[in-house]
Amino acid sequence: MKTVIMAGGKGTRIASLFGDIPKPMIRIAGKPVLEHELERLRDQGFTDLIITVSHLGNVIMDYFGDGSGISPATGKPFGVNIEYYNEETPLGNAGALFKLRDRLDGDFLLLNADAMFDIDFRRIVDYHRRNGGLATILTHPNSHPYDSGLIIADDRHRVEAWLTKEDPRPEFYDNRVNAGLHVINSSLLDECGINPAMVGMPGENGKTVKVDLDRQLLKPLAGTGRLICYDSPEYVKDMGTPERFAAVERDFLHGTVGARNLSHPQKAIFLDRDGTINRYVGFLRRTEQMELIPGVAEAIRKINESGYLAIVVTNQPVIARGETTVEELDEIHRKMATLLGKEGAYTDALYYCPHHPDKGFEGEVAELKIDCDCRKPKPGMLLRAARDFNIDLSASWMIGDSEADVKAGEAAGCRTILVERDAPGALLKAVDEILKN
């Protein structure tokens with residue numbers, strides 16, 4: 001399977017630190033960022049690479065050659081096969097794909113060379129092939145969704161809308177941001193309506209015809225069912241400014257980058273919702289009832305920075321009772337994500353149990369009135385999260401305000417903390433206790 005790495009950017013925002021080298025050649029721990037990327041691909045069996053270069057591209061080509069040589073940084077073989085496409089005329093961040101069309105057959109990985117990441121690429125490729133889209137984009141939450149482009153998807157992870165920072169957005173939204181890593185089927189290049197012969201040529205306005213990956217290839221697929229998002233908590237961060245570079249370097253040296261790869265066991269802090277994250281109102285049925293408890297955003301932000309995953313597991317019998325629809329519950333959770341995002345915090349995943357074993361409610365949903373294995377105190381939601389994210393439950397915690405939360409955590413093999421319901425700062429105190437130890 002081919003991997004195309006886009007390494008032609010100038011990196012103007014970080015030029016004050018590294019003005020004389022291309023951005024992918026910025027070193028972290030003694031190695032260029034691009035070399036870190038090549039090592040991750042090689043170690044997972046992705047060794048057939050095409051690198052597109054432009055600005056100071058000779059520096060990249062001289063360093064890596066055809067991939068058969070020895071790394072000047074490590075003294076070890078690169079262990080990959082590299083071809084290049086040198087954009088003498090800038091073609092936009094996807095124009096080179098049309099010049100490479102005869103070298104691309106079927107699915108290929110498309111990656112940026114100027115971000116630090118550590119991804120289990122085999123997982124995303126398998127996911128792409130199972131879901132059958134033309135393109136799959138890796139998405140993740142971040143600490144500033146309010147000023148990021150957003151991906152809106154349905155419950156099958158099919159992208160319904162792609163909102164840029166400039167686009168109007170709904171009042172409440174999931175914290176789901178495009179991470180800039182993709183699996184694409186090459187037939188997209190034939191179906192997108194762009195004439196390959198015109199790429200790089202003067203257009204009607206006299207300017208060189210360029211192709212923008214997001215706006216011209218991927219965003220038009222939104223709403224067609226052919227663009228899929230793959231949500232992942234794995235590490236992906238742009239390092240385009242001096243501040244972001246410093247943060248990425250710090251994360252790498254602390255081991256945060258590699259630890260988040262889902263091929264490695266993860267650790268999580270599981271969180272109950274009602275009474276732990278938001279104020280307890282009995283059965284929360286309406287969006288306006290969702291209100292964060294003071295200190296919760298700070299607590300979850302600390303989890304985000306700690307290396308633990310923040311995963312919500314919540315019983316929601318209002319679905320089975322017919323008192324709230326799935327869409328209404330989703331909107332409640334979108335509000336929660338929006339409120340957390342405004343304070344720089346996010347959850348990595350949310351699981352809810354819609355079942356309720358007791359019958360006799362007006363409007364109840366009969367097929368959901370069952371004795372399931374996911375309703376706490378049973379551990380089903382935690383076990384499902386462990387499968388989805390390769391979580392080591394023995395290294396994880398469950399925090400909640402009820403005995404059912406504690407029993408679910410214990411049944412899953414987690415350590416547990418019982419907090420006082422609705423108490424300001426209770427979750428923060430619990431998280432501090434976990435991180436201190």
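Above this text you will find the structure in question.
Rules used in this analysis
- Residues numbered from 1 in each chain as written.
- Predicted model: local features only at pLDDT ≥ 70, side-chain atom pairs only at ≥ 80, totals over all residues.
- Heavy atoms only, no water.
- 1 Å grid on protein atoms, 1.4 Å probe; cavity = no way out; pocket = protein on both sides within 12 Å on 5 of 7 lines; lining within 4 Å.
- Points joined across faces, edges and corners; volume = space filled by probe spheres on them.
- Nonpolar A, V, L, I, M, F, W, Y, C, P; charged D, E, K, R; others polar.
- Buried < 20%, exposed > 50% of the residue type's maximum accessible area, 1.4 Å probe, protein only.
- Helix = DSSP H or I, 4+ residues; strand = E, 2+ residues; numbered from the N terminus.
- Pairing = 2+ DSSP bridges.
- Axes fitted to C-alpha atoms, helices over the stretch in contact; angles between N-to-C directions.
- Parallel < 35°, antiparallel > 145°, perpendicular 65-115°, else oblique.
- Left-handed = near helix turned anticlockwise from the far one by under 90°.
- Contact = heavy atoms within 4.5 Å.

Colleague: Lay out empty space enclosed by the protein with the relevant residues and their values.
Modeller: In this structure the tally under the stated criterion is one cavity of 30 Å³ or more. Approximately 30 Å³ is the volume found for the largest cavity. A breakdown of the residues in the lining of the largest cavity according to their chemical character gives five nonpolar, two polar and two charged.

Colleague: Account for helix H1 (residues 33-43), with residues named and values stated.
Modeller: By the criterion of burial, H1 is predominantly enclosed, with nine of the eleven residues buried. Among the residues making up H1, those that are buried are Val33, Leu34, Glu35, His36, Glu37, Leu38, Glu39, Arg40 and Leu41. Gly45 occupies a position one or two residues after H1 and carries a positive phi of about 90°.

Colleague: Describe in detail the layout of surface pockets, supporting the description with residues and values.
Modeller: Its boundaries defined by the atoms lining it, the second largest pocket holds a volume of some 1600 Å³. If you trace the second largest pocket, you find 49 residues lining it, with His157, Arg176, Asp231, Ala349 and Leu350 closest to the centre. Of all elements in the fold, only helix H4 (121-131), strand E8 (135-140), strand E9 (150-153), strand E12 (227-231), helix H10 (326-342), strand E16 (349-353) and helix H11 (380-389) reach the threshold of two or more residues within the lining of the second largest pocket. The dominant element in the lining of the second largest pocket, judged by the number of residues it contributes, is H10, at eight residues.

Colleague: Provide a residue-level description of the sheet that holds strand E5 (residues 81-86), including the pertinent values.
Modeller: Spatial strand order, E5-E4-E1-E6-E11-E8-E12: seven strands in an open sheet with mixed pairing. Each having just a single partner strand, E5 and E12 make up the two edges of the open sheet. Across the sheet, the mean angle separating the axes of adjacent strands is 25° when strand polarity is ignored. Pairing of E8 with E12 involves five bridges; the strand directions are parallel. Each residue of the ladder has a partner; that of Leu138, found in E12, is Tyr230.

Colleague: Any chance you could break down the packing of helix H9 (residues 296-306) against helix H13 (residues 426-436) for me, citing the residues and the numbers?
Modeller: One way to put it is that H9 packs onto H13 with a least axis distance of 8 Å and a crossing angle of 25°. On the basis of the axis angle, H9 is roughly parallel to H13. Helix-helix and strand crossings are classified by hand; for H9 and H13 the assignment is left-handed. Side by side, H9 and H13 meet where Val296, Glu298, Ala299, Ile300, Lys302, Ile303 and Ser306 of the first sit next to Leu427, Leu428, Val431, Asp432 and Leu435 of the second. By residue class, the composition of the contact of H9 with H13 is eight nonpolar, one polar and three charged.

These figures capture arrangement, not role.
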